[in-house]
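Below, each chain spelled out in residue letters.
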Amino acid sequence: MSHQQPNPLDHPEVRLASTRGYLTGFLLSLALMGLSFGLVATHALSQFYGRVAISTIALLGVLAQTHFLFHLDWSETQRWHTLGFWLTVPLLVLLLGLSIWMFHSLDARAVMSGMG
Amino acid sequence: MSSNEAETEDAGSIVLWNDAHPGPDMISTRTLGFWLYMLTDAMLFASIFTAYAILWHNNAGGPGAEQVVHLVPAFVETALVFASVFAFGIAMAALKRGRQGSVVRWIGVAFLLGAGFLGMEIHEFAALAQQGIVPERSGFLSSYYTLVLTHGLHMLFGLLWMAVMVAQVLRQGFTEGVVYRLLNLRIFWHFQALIWVFIFTFVYLQGKL
């Protein structure tokens with residue numbers, strides 16, 4: 001086996017780094033969180049619509065970060081990272097959604113007076 | 001190199017099934033493994049978020065989220081985390097160009113911004129504890145402390161990791177080992193910003209809604 005040690009800096013995952021991409025990700029995330037902050041600080045929306053708005057904005061912030069910071073795309077070097085991420089998402093949704101549903105329906109059926 | 005004749009091969013030199021296959025290289029294998037580990041860390045955070053979502057109304061007559069969270073400091077913390085992540089990104093762009101001094105400097109900037117975040121967080125929790133707002137006061141406070149400080153602990157370990165990587169970059173240069181560890185630290189550090197989006201939204205903003 002010939003050992004021609006390639007330069008680690010030529011690795012495709014090193015080549016992914018992009019100052020412009022990271023700057024875009026930074027500004028976009030900060031702007032989205034600033035928007036949520038403004039909506040809540042000024043009480044511009046009712047509680048229900050406020051919750052919908054900040055949840056949607058958080059989702060957009062996360063999507064922006066997966067694209068600009070984590071480089072999650074279907075390119076040759078990143079596709080398994082991306083697949084792992086998208087297969088984890090349903091697990092997270094099930095964990096959160098089902099647990100909250102279970103406790104919510106428990107609260108509705110059982111009166112737990114004095115519990116804190 | 002044939003591995004099928006080795007019957008008494010020691011464990012350290014065993015190669016996987018087909019070593020002639022032009023498969024993932026050492027750097028790719030390790031970043032993928034670490035990324036899957038970070039996804040299990042996401043499961044940990046999802047569990048704590050679940051506990052918080054269930055418990056956050058149970059303040060047992062004590063202070064609720066509205067009294068405990070403060071929006072302006074939380075937004076400054078948000079800016080610090082994002083800026084630190086951005087500084088680490090610039091360090092990775094410098095790595096691409098092979099500039100050692102620049103990599104070390106920008107990791108230093110990321111470290112200082114991250115330390116600023118951690119300082120604010122410690123100050124915030126010390127002030128709460130001083131007012132008797134401690135985790136054992138209520139279900140809300142237990143889950144609030146657990147959730148926010150688990151993220152804080154991740155930030156602390158990220159800072160330690162940065163200090164180690166600066167030393168390794170200076171002593172070893174950009175070897176294969178140092179490069180994959182820098183890539184993994186990027187994943188780890190950027191992941192903290194991702195988690196913070198949820199903490200800022202569903203703990204801080206939600207608390208004031």
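Use the structure listed above.
Predicted model only: the values in this text are computed from it and were never measured.

Calculation criteria
- Residues numbered from 1 in each chain as written.
- Chains lettered and ligands numbered in written order.
- Predicted model: local features only at pLDDT ≥ 70, side-chain atom pairs only at ≥ 80, totals over all residues.
- Heavy atoms only, no water.
- Contact = heavy atoms within 4.5 Å.
- Buried area = accessible area lost by both parts, 1.4 Å probe.
- Salt bridge = Lys/Arg side-chain N within 4 Å of Asp/Glu carboxyl O.
- Polar contact = N/O pair within 3.5 Å; in protein donor to acceptor, adjacent residues only side chain to side chain.
- Helix = DSSP H or I, 4+ residues; strand = E, 2+ residues; numbered from the N terminus.
- Nonpolar A, V, L, I, M, F, W, Y, C, P; charged D, E, K, R; others polar.
- Buried < 20%, exposed > 50% of the residue type's maximum accessible area, 1.4 Å probe, protein only.
- Core = buried A, V, L, I, M, F, W, Y, C linked by side-chain atoms within 4.5 Å.
- 1 Å grid on protein atoms, 1.4 Å probe; cavity = no way out; pocket = protein on both sides within 12 Å on 5 of 7 lines; lining within 4 Å.
- Points joined across faces, edges and corners; volume = space filled by probe spheres on them.
- Expected span 1.5 Å × (residues − 1).

> Can you walk me through the interface of chain B and chain A in this structure?
How big an interface is tends to be stated in terms of the accessible area lost upon association of its parts. Contacts between the two partners involve 56 residues from chain B, matched on the other side by 47 residues from chain A. When chain B packs against chain A, close to 4,700 Å² is buried across both sides, 78% of that on carbon and sulfur atoms. On the chain B side of the interface with chain A, the three residues burying the most area are Trp-35, Lys-96 and Leu-209 of chain B, jointly 15% of the side's total. In this assembly, chain B and chain A are joined by 0 salt bridges. At the boundary of chain B and chain A, one finds 10 residue pairs in polar contact (both at pLDDT 80 or more). Counting residues per element, the side of chain B that touches chain A draws most heavily on helix H6 (residues 176–208) of chain B, at 17 residues. Classifying every residue of the side of chain B that touches chain A by side-chain character gives 37 nonpolar, 13 polar and 6 charged.

> Even after reading the chapter, I still don't get the pattern of salt bridges, so can you show me in this structure?
If charged atoms from side chains of opposite charge come close, those side chains can pair. Residues and elements named next belong to chain A. Counting across every chain of the model gives 1 salt bridge over all chains. Of the charged contacts, one joins Glu-76 and Arg-79 as a salt bridge, the two residues approaching to 3.9 Å between their closest N and O atoms. Relative accessible area serves as the criterion here: at 35%, Arg-79 is assigned to the partly exposed category.

> Help me understand the nonpolar core, please; the structure alone is not making it clear to me.
Note on soluble globular proteins: their nonpolar side chains tend to be buried together. Judged by nonpolar contacts, the single largest core of 88 residues is most densely connected at Leu-95, Tyr-144, Leu-182, Val-203 and Tyr-204 of chain B. Of all the secondary-structure elements, those providing two or more residues to this core are helix H2 (19–41) and helix H3 (47–68) of chain A together with helix H1 (26–55), helix H2 (65–68), helix H3 (71–96), helix H4 (100–130), helix H5 (139–172) and H6 of chain B. Element by element, the count of residues in this core is highest for H6 of chain B, at 20 residues.

> What is the right way to look at the layout of surface pockets in this model?
One water molecule sets the probe size; rolling that probe over the atoms shows where empty space is left. Its boundaries defined by the atoms lining it, the largest pocket holds a volume of some 1,300 Å³. Taken together, 40 residues form the lining of the largest pocket, with Leu-96 and Ile-100 of chain A together with Phe-49, Ala-53 and Phe-202 of chain B sitting closest to its centre. Elements that contribute at least two residues to the lining of the largest pocket include exactly H3 and helix H4 (79–109) of chain A together with H1 and H6 of chain B. With 11 residues, H4 of chain A is the largest single contributor of residues to the lining of the largest pocket. For the lining of the largest pocket, the class distribution of residues is 31 nonpolar, 7 polar and 2 charged.

> Whenever I open this one, H2 of chain A confuses me. Can you help?
Because an α-helix completes one turn every 3.6 residues, residues spaced three or four positions apart along the sequence face the same direction. Helix length check: H2 of chain A, at 23 residues, gives a terminal C-alpha distance of 32 Å against a target of 33 Å (1.5 Å per residue), a fit within 8%. All of the buried residues in H2 of chain A are Gly-21, Tyr-22, Gly-25, Phe-26, Ser-29, Leu-32, Met-33, Ser-36, Phe-37 and Val-40 of chain A. Buried residues belonging to H2 of chain A abut H3 of chain A together with H3 and H6 of chain B. His-43 of chain A lies just past H2 of chain A and shows a positive phi near 50 degrees.

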